[in-house]
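This is what each chain is made of:
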Amino acid sequence: MAFAHTYKANPHWLPKLPMKALRHIPGEEGLPLVGNTFRILKDPVGFGQRMVQSYGRVYRNNAFGGPTVTLLGPEANELVLFDRDRIFSSEQGWGPVLNLLFPRGLMLMDFEQHRADRRTLSVAFKPEPMRHYAEQLNRGIAREVAGWANRPMRFYDAIKELTLDLAAESFLGMDLGPEAKRINQAFVDEVQASIAPVRFPLPGTQMARGTRARAYLLDFFNREIPVRRAGQGQDFFSHFCRARDEAGQPLGNAAIADHMNFLMMAAHDTITSSATSLVMLLGKHGEWQEKLRAEVLGLGLNDEEGLAHGQLDQLTLTDYAFKEALRMIPPVPSLPRRALKDFDFGGYRIPAGTNVSVSPAWTHAMPEHWPEPEKFDPMRFTPDQVRARHRFAWVPFGGGAHMCLGLHFAEMQIRILMVQLLRRYRIELAPGAGTQWQPWPIPRPRDGLPLRFVPLG
């Protein structure tokens, strides 16, 4: 069966660790075969809280195909994400979840291979390309949100469609046209497959839909690569196709297609989640909506102007509010790794081969670092507050060598979106909007966040 070969771990992976090797760590194994997978999918927050109350901030769990040791708190984040001693593999951590869907994506690389590809890809995030993207984002966002006045909508659906269009323009340099709906569904299928209980693409399963979506997207990217190599386009895709590694060699077609598949998903889905959480919180907290609006209007833009790239840093309160939204609803709630060496943490010896997980979502709600963690308070991110806090208490973009490559692009897109929205509209949520969120794999409101954008008087 073709998929069985695809699923195999790479030859350098450590052997699967037997459950008995972790029995000295408190925790539970759950049901036969599926472990605690369904309990986590049903209520990940409640499950995590119960595990911490029962076993502490280091506990053993069994889900998504095998045992995992969860380490919680800023110290755990620093140990695992900063990874000073090169103990933890991102490839082997994410691999069991994403190998069939996003193999060879930047997040599934380690050490020298990761450093080399990251350096090659970073050419697309240099200042001159970023200024070009800012101009495109201004035009694209302004064009779309101008038609949102007094129109009842589900914001998550609207912003997801818009972020795909923006990603197509900035990342691909093209209008997706009638193919947009199919591409959007392909990304949805890939992401949903990442948490499918059945981890093989058996006919009729979510994983089968996800792997078909991947094949479709790779074909889409591969058709374009020869044209982009020969052209002078300023989009991400064209930059990647022309990029050279440290030896002066171009990236191979397969590597480019895989990187584009992963980066398009990340730019599309995580920004959709982050924009939705910020808009929801501003809708719920009118005083902060007004503060951000005053900051935006203070830029003195006229109706024909967008936010210039050089004005991004003037949106201080907008930046604080976005960071607070990421604290409260991080777009990637947990981060897996695999230990390549034995290590000690929290009084336990944890053996090589252990799947390890840290949780930005849990850390972001720790009252000792975030007093009244349920309160929306952007002033937590003033320079004095940030300096006084553990540097790994806020990790929505990860940390260390695997810090999100596109974080500045995400921040730029959100700031431009806020300028275009708040200069025109007041955000009015429908009653009860955004009360329940689906936490995994990327958070989204179950109701789509119904709201209305009311033009300013």
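Nothing here was measured: the structure is a model prediction, and the numbers come from that model. (Residues numbered from 1 in each chain as written. Predicted model: local features only at pLDDT ≥ 70, side-chain atom pairs only at ≥ 80, totals over all residues. Heavy atoms only, no water.)

Trainee: Lay out the overall build of the protein chain in plain terms, naming residues and giving numbers.
Mentor: When helices and strands are counted, the protein chain shows 17 helices and 12 strands. A globule of 457 residues ought to have a C-alpha radius of gyration of about 23 Å, and the protein chain, at 22 Å, matches this closely. With the principal axes as the frame, the protein chain shows a C-alpha extent of 65 × 55 × 40 Å. Burial statistics for the protein chain: of 457 residues in total, 55% are counted as buried. (Helix = DSSP H or I, 4+ residues; strand = E, 2+ residues; numbered from the N terminus. Rg over C-alpha atoms; globule rule 2.2 N^0.38 Å. Buried < 20%, exposed > 50% of the residue type's maximum accessible area, 1.4 Å probe, protein only.)

Trainee: So what about the confidence of the model for the protein chain? Which residues, and what values?
Mentor: Scored by pLDDT, the protein chain comes out at a mean of 89, with 97% of its residues at no less than 70. Contacts of residues 1-7 to residues separated by more than four positions or lying in other chains number 10 contacts, the stretch itself having pLDDT below 50. (pLDDT = per-residue confidence, 0-100. Contact = heavy atoms within 4.5 Å.)

Trainee: Before we move on, could you go through the sheet that holds strand β2 (residues 66-71) and cite the residues and values that matter?
Mentor: An order of β1-β2-β8-β5-β3 is seen for the five strands of this open sheet, with the pairing classed as mixed. The outermost strands of the open sheet, each flanked by one partner alone, are β1 (58-63) and β3 (88-89). Where β3 meets strand β5 (residues 335-339), two bridges bridge the pair, whose relative direction is antiparallel. Looking at β5, one finds that Phe88 is bridged to Ala339. (Pairing = 2+ DSSP bridges.)

Trainee: So what's going on with the nonpolar core? Residues and values would help.
Mentor: By size, the foremost hydrophobic cluster in this structure holds 124 residues, and its most contacted members are Leu71, Trp148 and Phe409. Considering every element that reaches this core, the biggest residue donor is helix α12 (residues 253-284), with 15 residues. Those residues in contact with Leu71 that lie beyond four places of it in its chain are Arg57, Val58, Ala76, Val80, Phe343, Phe345, Ile350, Val356, Ser357, Val358 and Ser359. In terms of nonpolar packing, the next biggest core, distinct from the first, is built from nine residues, Phe47, Val52, Tyr59 and Leu72 among them. (Core = buried A, V, L, I, M, F, W, Y, C linked by side-chain atoms within 4.5 Å.)

Trainee: Any details on helix α17 (residues 407-422)? Residues and values, ideally.
Mentor: Between its first and last C-alpha, α17 extends 22 Å over 16 residues, near the 22 Å set by a 1.5 Å rise per residue. With 15 of 16 residues buried, α17 is to be regarded as a mostly interior element. (Expected span 1.5 Å × (residues − 1).)

Trainee: Talk me through the packing of helix α13 (residues 286-297) against α17; I want residue IDs and the actual numbers.
Mentor: Following both chains from N to C, one finds α13 and α17 inclined at 95°, their axes separated by 9 Å at the closest point. The angle between α13 and α17 falls in the class roughly perpendicular. Here Gln289, Leu292, Arg293 and Val296 of α13 come into contact with α17, specifically with Met418, Val419 and Leu422. Split into classes, the residues belonging to the contact of α13 with α17 amount to five nonpolar, one polar and one charged. (Axes fitted to C-alpha atoms, helices over the stretch in contact; angles between N-to-C directions. Parallel < 35°, antiparallel > 145°, perpendicular 65-115°, else oblique. Nonpolar A, V, L, I, M, F, W, Y, C, P; charged D, E, K, R; others polar.)

Trainee: Mind laying out the sheet that holds strand β4 (residues 153-154), listing which residues take part and the relevant values?
Mentor: Taking strand neighbours across the sheet as the criterion, the three strands line up as β4-β12-β9 in an open arrangement whose pairing is antiparallel. The two strands at the open ends of the sheet, each matched to only one other strand, are β4 and β9 (425-429). Sheet strands touched by α12: β9 and β12 (450-455). Its angle to β9, the strand with the most contacts, is close to 90°.

Trainee: I'd like a rundown of the packing of helix α9 (residues 180-193) against helix α10 (residues 206-230), residues and numbers included.
Mentor: For any two helices packed against each other, one specifies the crossing angle of their axes together with the interaxial distance. Axis separation between α9 and α10 bottoms out at 8 Å; the angle between their running directions is 135°. In terms of orientation, α9 lies oblique with respect to α10. Pair α9 / α10 crosses with left-handed handedness. Packed against α9, whose contacting residues are Arg182, Ile183, Ala186, Phe187, Asp189, Glu190, Gln192 and Ala193, the element α10 presents Gln206, Met207, Arg209, Gly210, Ala213, Arg214, Tyr216, Leu217 and Phe220 at the interface. Here the residues of the contact of α9 with α10 are counted per class, giving nine nonpolar, three polar and five charged. (Left-handed = near helix turned anticlockwise from the far one by under 90°.)

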